[in-house]
Amino acid sequence: MEGGTELSLTIAHIVQRLKGSHLHSQIERQAKDCLHQPEIKLESLKDDVRSFLKTSGWERKLQNAVYRELHLQLPPSHPMAPPEHLKEPLAYMRKAQASWEKRVLKSLNSMSTELEVPLARMRSAAEQKELANKWNEMGTDDPDLSRFRPVYAPKDFLEVLINLRNPNHDSSEDVSARSHWGLIQVPVNVRDIPQLRQAYAELNLITGQLGIDDHAHIHPDLFESEYVQIGKKVLVEQDSAAAQQYSRQGCPTGLRADLWALILNSTNQPPDVMHYEQLTAGVIQHALLVDHLIYKDVKLTASNDDYYFVFEDFLYQVLLCFSRDTAVLDHFNYNSATPPKSYIHGKVGDEECAVVYPPNGVIPFHGFSMYGEYTLHSSVLTLHLQEEPRNIYSNRECVFVCGFTVAPLCFLYNEPSKLYSVFREMYTRYFFRLHSISSSPSGIVSLCLQFERLLQTHLPQLFYHLRQIGAQPLRIAFKWMVRGFSGYLSTDQLLLLWDRILGYDSLEVVAVLAAAVFAFRAENLMEVTSLASAEAVLADLSTLKVVPLIQIFLFATSI
């Protein structure tokens, strides 16, 4: 495909996306209003309006919106390629994802049938009043959730990834015997350390880093003071691209919330607040089966966590609203997964009676509230409802989300609508890839393979030893990666890691950190004789320092 044609298609797609946005209507209104100003001349109308939009900051807002859309663009492909090939080009990946979705949905439907709990129902007036009154103190509730079981756990998902095979690939052609040491046996390209060094050049040993050079024993004038001043200038300029580049060396604590929102182009304008309030109203009006899964997961994980228990109410609010947010469905345009469909009881197969369930298309799994929900999307469920589908959710702005991102964000944002907006952007841009099967470089398949390759190449003796005693490294590291390390690292270190995810627009650094943790504990791991003892060595990551580990692994490892 010619570069010019590809660029034209990209521009046309972005223009189409932005045309119906709130930003478009705001800019249009500002352009009309400025016509009454004396400095706008008829003979130079076009240039004067452009100049006004630039000086008033609207041009920058448009640039940030375009920058966001570029991050959500599908990779270049043939113009005649079918839609499913655009979402995921490899047929065996698509097949595996579809199979996994059916399995998860079958589990959810079985739970609904066995417990005689409908997938969705209208709350009574008394229930609505009670929930509205305790909306800000839901953590004080103690419902009986013993009947509800997790739809699936991370280990179930790992088994699916382990069994992935490309039917067109002959593994006997692999050049190295090490290719067969690991659990992931798919031919996906992942970067080695020389390539990673080039991609993550700002993390080298001689460049200043927050997470190292801002410690108490280092004078702030040597790095921190000047770096904070640069961060403030970035915020004044309101440039998403500059904020993303800045984040590669870490974000100062006092600026992180605003920098992340700028990178994600996440706003908290009146329409955003109204959208959140509509979602809240949707939660109060309708009860979903997945609500019980969210309640149980928050109770079992976040409410028992030393860092996050104080945010229990926020977690309930954000996750319940997320489950009803239909705006989340947009990410299925570039996600290999497919949102599940539900039907009115007795009308299965009638597309006129079909709705997405949950409304956001995402089904939560065990640990969802700590590190995000496993996006398990499905084909068909049955809704035991009498209402017509269009009445089930009174607001189109009602759907469902990933808790592994929510809990850490509670340290940055104390306004629920702002917290929700940033969380949704984090999930739909990055963390959904940890819960769906795809060939994306930031997808969980590639991250698992990259982790194994890095260990096999640079710590072959350790990898072989752990394999021989039945402690495959990936079985230990998978739970870290699938949660983006949330719930394992101390909060300050987790936020430093996520700075780099945002800065490099990639989850690749998660796999690098997982390998670096094994390298750091290699001496102890070489002494273990069982999976249990290996897990014990790696049980507590709360004292680890993220940035030094990544730096040493990437830039001080001999190759």
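All of these numbers come straight from a predicted model, not from anything done at the bench.

Colleague: I tried to follow the overall build of the protein on my own but got confused; where do I start?
Modeller: Looking only at helices and strands, one finds 27 helices and seven strands in the protein. For the protein, the residues scored as buried account for 53% of the 559 residues in total. Long-range pairs, those at least 24 residues apart, make up 79% of the contacts in the protein with a sequence separation of at least 6. When the accessible surface of the protein is summed, it comes to about 25,000 Å², and 53% of that surface belongs to carbon and sulfur atoms.

Colleague: I would appreciate a short explanation of the environment of S240 in the present structure.
Modeller: As for its placement among the helices and strands, S240 is situated in helix α11 (residues 240-247). Spatially, the C-alpha atom of S240 lies 8.3 Å from that of Q63, the residues being 177 residues apart in sequence. Within the local environment of S240, its side chain forms a polar contact with the backbone oxygen of L262, the two atoms lying 2.7 Å apart.

Colleague: Honestly, the nonpolar core in this entry has me stumped. Any pointers?
Modeller: Soluble, globular proteins show a tendency: their nonpolar side chains are buried together. Formed by 147 residues in total, the largest nonpolar core has its most connected members in W480 and F518. A total of ten residues in this core trace back to one element, the largest contributor, which is helix α24 (residues 508-520). Counting twelve residues, the second largest nonpolar core, distinct from the first, contains C34, I40, W58 and A65.

Colleague: Whenever I open this one, the packing of aromatic side chains confuses me. Can you help?
Modeller: Where two aromatic rings form a pair, the distance of their centres and the angle of their planes describe that pair. Taken as a whole, this structure holds 19 aromatic pairs when the rule is applied. Between the aromatic rings of W181 and Y464, the centroid separation amounts to 5.4 Å while the plane-to-plane angle is 45 degrees, which identifies the pairing as tilted. Of this pair, W181 sits in the loop between α8 (154-162) and α9 (193-199) while Y464 sits in helix α21 (residues 460-468), placing them 283 residues apart in sequence. Ring centres of F223 and Y227 lie 4.9 Å apart, and the angle between their planes is 25 degrees; this geometry places the pair in the stacked category. Of the two residues examined, F223 and Y227, each falls in the buried class. Of the aromatic side chains, those joined through ring pairs into one cluster are Y276, F322, Y420, F423 and Y427.

Colleague: Honestly, the packing of helix α22 (residues 473-482) against α24 in this entry has me stumped. Any pointers?
Modeller: Each pair of packed helices can be summarised by the angle the axes make with each other and by the distance between the axes. It is the contact of α22 with α24, at a shortest axis distance of 10 Å, that shows an interaxial angle of 130 degrees. One finds that α22 runs oblique with respect to α24. Read as a crossing pair, α22 and α24 show a hand that is right-handed. Facing α22, whose interface residues are P473, I476, A477, W480 and M481, α24 presents V510, A511, A514, V517 and F518. Across the contact of α22 with α24, the residue classes tally to ten nonpolar, no polar and no charged.

Colleague: So what exactly am I meant to see when it comes to α24 here?
Modeller: Note on helix geometry: an α-helix contains 3.6 residues per turn, so any two residues three or four positions apart are oriented the same way. Counted at 1.5 Å a residue, the expected span for α24 with its 13 residues is 18 Å, and the 19 Å between its end C-alpha atoms agrees. With eleven of its 13 residues buried, α24 lies for the most part within the structure. If you check which residues of α24 are buried, you get E508, V509, V510, A511, V512, L513, A514, A515, A516, V517 and F518.

Colleague: What is the right way to look at unusual backbone geometry in this model?
Modeller: When glycine is set aside, most residues are seen to have a negative phi, and most peptide bonds are trans. Along the chain, Y357 connects to P358 via a cis peptide bond; the corresponding omega equals -15 degrees. Following the sequence through the fold, P358 ends up in the loop between β5 (354-356) and α16 (368-371). In the Ramachandran plot, E116 falls in the positive-phi region, its phi being about 55 degrees despite a non-glycine side chain. Secondary-structure assignment places E116 in the loop between α6 (91-115) and β1 (120-122). Owing to a relative accessible area of 72%, E116 belongs among the exposed residues under this scheme.

Definitions and limits used
Residues numbered from 1 in each chain as written. Predicted model: local features only at pLDDT ≥ 70, side-chain atom pairs only at ≥ 80, totals over all residues. Heavy atoms only, no water. Helix = DSSP H or I, 4+ residues; strand = E, 2+ residues; numbered from the N terminus. Buried < 20%, exposed > 50% of the residue type's maximum accessible area, 1.4 Å probe, protein only. Contact = heavy atoms within 4.5 Å. Areas by Shrake-Rupley, 256 points an atom, 1.4 Å probe, with all protein chains shown as cover. Polar contact = N/O pair within 3.5 Å; in protein donor to acceptor, adjacent residues only side chain to side chain. Core = buried A, V, L, I, M, F, W, Y, C linked by side-chain atoms within 4.5 Å. Phe/Tyr/Trp six-rings, centres within 6.5 Å; stacked < 30°, edge-to-face > 60°. Axes fitted to C-alpha atoms, helices over the stretch in contact; angles between N-to-C directions. Parallel < 35°, antiparallel > 145°, perpendicular 65-115°, else oblique. Left-handed = near helix turned anticlockwise from the far one by under 90°. Nonpolar A, V, L, I, M, F, W, Y, C, P; charged D, E, K, R; others polar. Expected span 1.5 Å × (residues − 1).

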